Each structure stands twice: as structure tokens, then as C-alpha cells.
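Here's the letter readout for the chains.
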Amino acid sequence: HVQLVESGGGLVQAGGTLTLSCTASGLSFATMGWLRQAPGKEREGISCIGWTSGTTYYADSVKERFTLSRDNAKNTLNLQMSSLKPEDNARYYCAATTAYSGSGGYEVLSWLIYYYWGKGTKVTVSS
């Protein structure tokens, strides 16, 4: 059974740090990442990784603040978020796809390429 389970969301003060984790099971994925959605806004990719290559990609809004890492032994994907801002308020989703036929690059930040999704974890940043 394919499953993506997120954890680590919560309330944090602006400037603080929070780490999100995603545990995947059931399949081997080609691409995994974190995407977020605020109420009334479109879902956006923030950080994704090509599982085989290990290449990471970040949205401009989170570069140098968020760090994506993986633990192959535990089959987990982690997102360390630092210097959090109120604009980071959103529900964060872990997503994955088993096959990717594109050319790579920042296209992997698009929610359109992902098939499997977790239920998300809420991040609230107080000002």
C-alpha cells in the first residue's frame, strides 16, 4: 500500500526553526518533494529532490532558508525550515511520483507532476 505520512508541523514564532518529515512506503519513487498551499492560494512546490540523482531544487521564496535532506535507510524526506516568516503559513504536503519523463530541472517543483500525496501538516508562523 502506497503511503506518504508527514509530521512536524505546528506553531512557531517568526524567525524560528521547524523540521518536517515525510515517511514513504509501498513504492520506490523517482521524485519526491514538499509543496505547500495557503487558503485561497494555488499549491506551490517549495523543495523537491530527484531520488536517484540526489539533486535538490528550491523555490526562490525559500532558498537559503529551507534545507531538504533524505534518509535512505529510513526512507524519509526531511525539510528543515529556518528563519520562518508569516508568509510561510500554509499546509505542507509531501508528494511523490514513481516515474518522471520530463527533462528535470525546476519542473519538479510543479505540483502537476506528482501522483501520490500525503495528507499534509500545518505550519503556522506567528509574527
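Nothing here was measured: the structure is a model prediction, and the numbers come from that model.

**Student:** Help me out: how do you make sense of the side chain of Arg-65 in this one?
**Tutor:** Residue placement: Arg-65 occurs in the loop between strand E6 (56-58) and strand E7 (66-71). You can call Arg-65 buried: its relative accessible area is 9%. A polar atom in the side chain of Arg-65 sits 2.9 Å from the backbone oxygen of Ser-61. There is a polar contact of 2.9 Å between the side chain of Arg-65 and the side chain of Asp-88. With residues near it in sequence (within four places) discarded, Arg-65 still touches Gln-80, Met-81, Ser-82, Ser-83, Leu-84, Lys-85 and Asp-88.

**Student:** Is there a simple way to think about the nonpolar core in this case?
**Tutor:** Soluble globular proteins tend to pack their nonpolar side chains together in the buried interior. Core analysis: the biggest nonpolar cluster contains 28 residues, and Met-32, Trp-34, Met-81 and Tyr-92 have the highest contact counts within it. Where this core is concerned, the elements lending two or more residues are strand E3 (18-25), strand E4 (31-37), strand E5 (44-50), E7, strand E8 (76-81), strand E9 (90-97) and strand E11 (121-126). Look past the residues within four positions of Tyr-92 in its chain and what remains in contact with it is Glu-6, Leu-20, Trp-34, Leu-35, Arg-36, Ile-46, Phe-66, Met-81, Gly-120, Thr-121 and Val-123. Judged by nonpolar contacts, the second largest core, of eight residues, contains Tyr-57, Ala-95, Val-108 and Leu-109.

**Student:** Before we go on, may I ask you to explain the pairing of E7 in this structure?
**Tutor:** Along any regular strand the residues' side chains alternate between the sheet's two faces. Here six bridges tie E7 to E8, and the two strands are oriented antiparallel to one another. When the bridges of E8 are listed, Ser-69 appears paired with Asn-78. Hairpin remark: E7 followed by E8, antiparallel, with four residues in the connecting loop; positive phi at Asn-75, about 55°.

**Student:** Help me understand the packing of aromatic side chains, please; the structure alone is not making it clear to me.
**Tutor:** For any two aromatic rings, the description comes down to two numbers: the centre-to-centre distance and the angle of the planes. Under the definition given, this model contains five aromatic pairs. On the basis of an interplanar angle of 90° and a centroid distance of 4.7 Å, the ring pair of Tyr-115 and Tyr-116 is categorised as edge-to-face. On the accessibility criterion, Tyr-115 (61% relative accessible area) is exposed. By way of ring pairs, the aromatic residues Phe-29, Tyr-115 and Tyr-116 are connected into one cluster. For the cation-ring pair, Arg-43 lies above Trp-117, with the distance from its terminal atom to the ring centre recorded as 4.6 Å. It is Arg-70 that lies over the ring of Trp-51; its NZ or CZ is 5.3 Å from the centre.

Criteria and cut-off values
- Residues numbered from 1 in each chain as written.
- Predicted model: local features only at pLDDT ≥ 70, side-chain atom pairs only at ≥ 80, totals over all residues.
- Heavy atoms only, no water.
- Helix = DSSP H or I, 4+ residues; strand = E, 2+ residues; numbered from the N terminus.
- Buried < 20%, exposed > 50% of the residue type's maximum accessible area, 1.4 Å probe, protein only.
- Polar contact = N/O pair within 3.5 Å; in protein donor to acceptor, adjacent residues only side chain to side chain.
- Contact = heavy atoms within 4.5 Å.
- Core = buried A, V, L, I, M, F, W, Y, C linked by side-chain atoms within 4.5 Å.
- Pairing = 2+ DSSP bridges.
- Phe/Tyr/Trp six-rings, centres within 6.5 Å; stacked < 30°, edge-to-face > 60°.
- Lys NZ or Arg CZ within 6 Å of the ring centre and 35° of its normal.

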